[in-house]
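Examining the three-dimensional arrangement
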Amino acid sequence: MFRARISVRKLTSAFLAALALLPGLAIEQELQLDYRINEHIILIPAGQDHQARLETTVFQPNGPGPFPLIIINHGKDPGHPNLQPRDRFYHMAHAFVERGYAVMVPMRQGFANSTGYYHDHGCDMTANGYTQAEDIVATLAYAREQSWIDADHIVVAGQSYGGLATVALGTQDLPGVRGLLNFAGGLRDDSNGCGWRSALVSAFAEYGAQNKVPSLWMYGQNDSLFSPELVARMHDAFEQAGGHAQLVEYDAFKRDSHGMLASRDGEKVWLADTMKFLQRVGMPTRVVYKVPEPPQPQATNFAGIDDIDAVPFLSENGRRAYREYLTKMTPRAFAVSPSGAWCWAEEGEDPDARALATCSAKSDKPCRLYSVDENVVWNPDLAEKAAVTASNTPAPVGPGDGAVGNAAGMTAAN
């Protein structure tokens, strides 16, 4: 029996499944909290008798609020849910903080560091959506009690499995919730005998019959899970049952539109239609804060981006990896170390930091970025200073930081 549950991190490249078979693949380090948009983590009570706690990432503007709120709900990676790293939806969160919103990204029960248990109803897609929506209800209840949240201006979004749960949520009376955003919502189950496509259509028909909140649905032409034909069936079933949903079918996005929301370039796809929808349901859309951009590595004249022989420290295996890296889409980054360690990261959140963190986890000498996107950023003078500093710094006492999963996008290391 094989069951596939796919989320935004899974589908930035068809290369992902093969990566698990490669020697030297490192688990990525947790990305640092972003002080520029006040990123922090809270625990939200959920479940029976509020005994569970949902690990929830929060972003918000400066000041006491109250702020309008968007809650963004995650999908499911293959494997056990508690091995799935904390989702951030950083690019979408950044855009909403600029518009004055607080952002909550709750990890549902059994996922990441949330407590409680993940409940799987197999091929019963209707039940899967309803069960996952229960934790969104708990997040809403918590949010409405906070003085820094404008309880009358809330929107709920979800991607993949989170999109299915978000549409299921819309069957309930939700005070203050003006609209729902469904990005590539659904769930795929390839276990024996599961007609998951028909089960999804039935689920959306059920949700449509009980629908109480307007929604915007966005699906791409090259979504590897949900074809345009299936999307049309799901949307028709929802609306024919009485639901209200605007469907936006956008053109092919990179290799797979299922991962659009995790991409730095995804904003070009989702932003305009999302803002038009939010304006219609009475949510703010104007940019009111300017979030400082993170410092970017500067291009150097060290070598051309495609000069493989110029990359320092690499073995023949490393040169093959750099050649593979040159075929990857931007955003991307490649890091190297005098120890011979290397790492590339593609797509998702902050590939620069991910490449450095994973390279450092594999090396006893400091790693530095060699190239970012289409530019070589290697500065041999800075690299030499970093190596000298590291050699004069005592090793830390005690165990190092733990490593937690893949933080969106592709990474390979040695």
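On to the overall build of the protein, then. Within the protein, the regular secondary structure consists of ten helices and 13 strands. Buried positions account for 56% of the 414 residues belonging to the protein. Taking all contacts inside the protein whose residues are at least 6 apart in sequence as the whole, residues at least 24 apart take part in 73%.

For the rest of this paragraph, the subject is the nonpolar core. Counting 54 residues, the largest nonpolar core has Met 104, Phe 204 and Met 234 as its most contacted members. A per-element tally of this core places helix 5 (residues 196-209) first, with seven residues. With sequence-adjacent residues up to four places away left out, Phe 204 is seen in contact with Leu 164, Val 167, Gly 185, Trp 217, Tyr 219, Met 234 and Phe 238. Val 105, Val 155, Ala 157 and Leu 261 belong to the second largest nonpolar core, which has 34 residues in total.

The next thing to look at is helix 6 (residues 228-240). Between its first and last C-alpha atoms helix 6 spans 18 Å; for 13 residues at 1.5 Å apiece the expected length is 18 Å, and the two agree. Along helix 6, the residues classified as buried are Leu 230, Val 231, Met 234, His 235, Ala 237 and Phe 238. Looking down the long axis of helix 6, one finds its buried residues gathered within 160° of arc, a one-sided arrangement. Positive backbone phi, approximately 120°, marks Gly 242, located one or two places after helix 6.

Burial runs high along strand 4 (residues 102-106): five of the five residues are buried. Taken together, the four bridges between strand 2 (residues 52-59) and strand 4 define a ladder with antiparallel strand orientation. Residue Thr 57 lies in a different strand from strand 4, and its bridge partner there is Val 105. Pairing geometry for strand 3 (residues 67-73) and strand 4, over three bridges, is parallel. Paired with Leu 69 across the bridge in strand 4 is Ala 102. Between the parallel pair strand 3 and strand 4, the chain is carried across by helix 2 (residues 90-98), and the sense of this crossover is right-handed.

On to the state of the cysteines. Linking two cysteines covalently through their sulfur atoms gives a disulfide. Enumeration over the complete set of coordinates arrives at two disulfides. Between Cys 359 and Cys 367 runs a disulfide, and the two sulfur atoms are separated by 2.1 Å. When the S-S torsion is -75°, as for the bridge of Cys 359 with Cys 367, the disulfide is left-handed. One exposure class covers both Cys 359 and Cys 367, and it is buried. Described in terms of the sequence order of its bonded cysteines, the disulfide pattern of the protein is 1-2, 3-4. With no disulfide of its own, Cys 343 lies closest to Cys 359 among cysteine sulfurs, the gap being 6.4 Å. A relative accessible area of 0% places Cys 343 in the buried class.

Across all of its chains, the model carries eleven salt bridges by this definition. Across the salt bridge formed by Arg 255 and Glu 346, the nearest N and O atoms sit 2.6 Å from each other. With Arg 255 in the loop between strand 8 (245-250) and helix 7 (267-280) and Glu 346 in strand 10 (residues 342-346), the pair connects residues that are 91 residues apart, well separated along the chain. The class for Arg 255 is partly exposed, based on a relative accessible area of 32%.

Conventions we followed
- Residues numbered from 1 in each chain as written.
- Predicted model: local features only at pLDDT ≥ 70, side-chain atom pairs only at ≥ 80, totals over all residues.
- Heavy atoms only, no water.
- Helix = DSSP H or I, 4+ residues; strand = E, 2+ residues; numbered from the N terminus.
- Buried < 20%, exposed > 50% of the residue type's maximum accessible area, 1.4 Å probe, protein only.
- Contact = heavy atoms within 4.5 Å.
- Core = buried A, V, L, I, M, F, W, Y, C linked by side-chain atoms within 4.5 Å.
- Expected span 1.5 Å × (residues − 1).
- Arc of directions from axis to C-beta.
- Pairing = 2+ DSSP bridges.
- Right-handed = clockwise from strand over helix to strand, strands pointing away.
- Disulfide = S-S within 2.5 Å.
- Salt bridge = Lys/Arg side-chain N within 4 Å of Asp/Glu carboxyl O.

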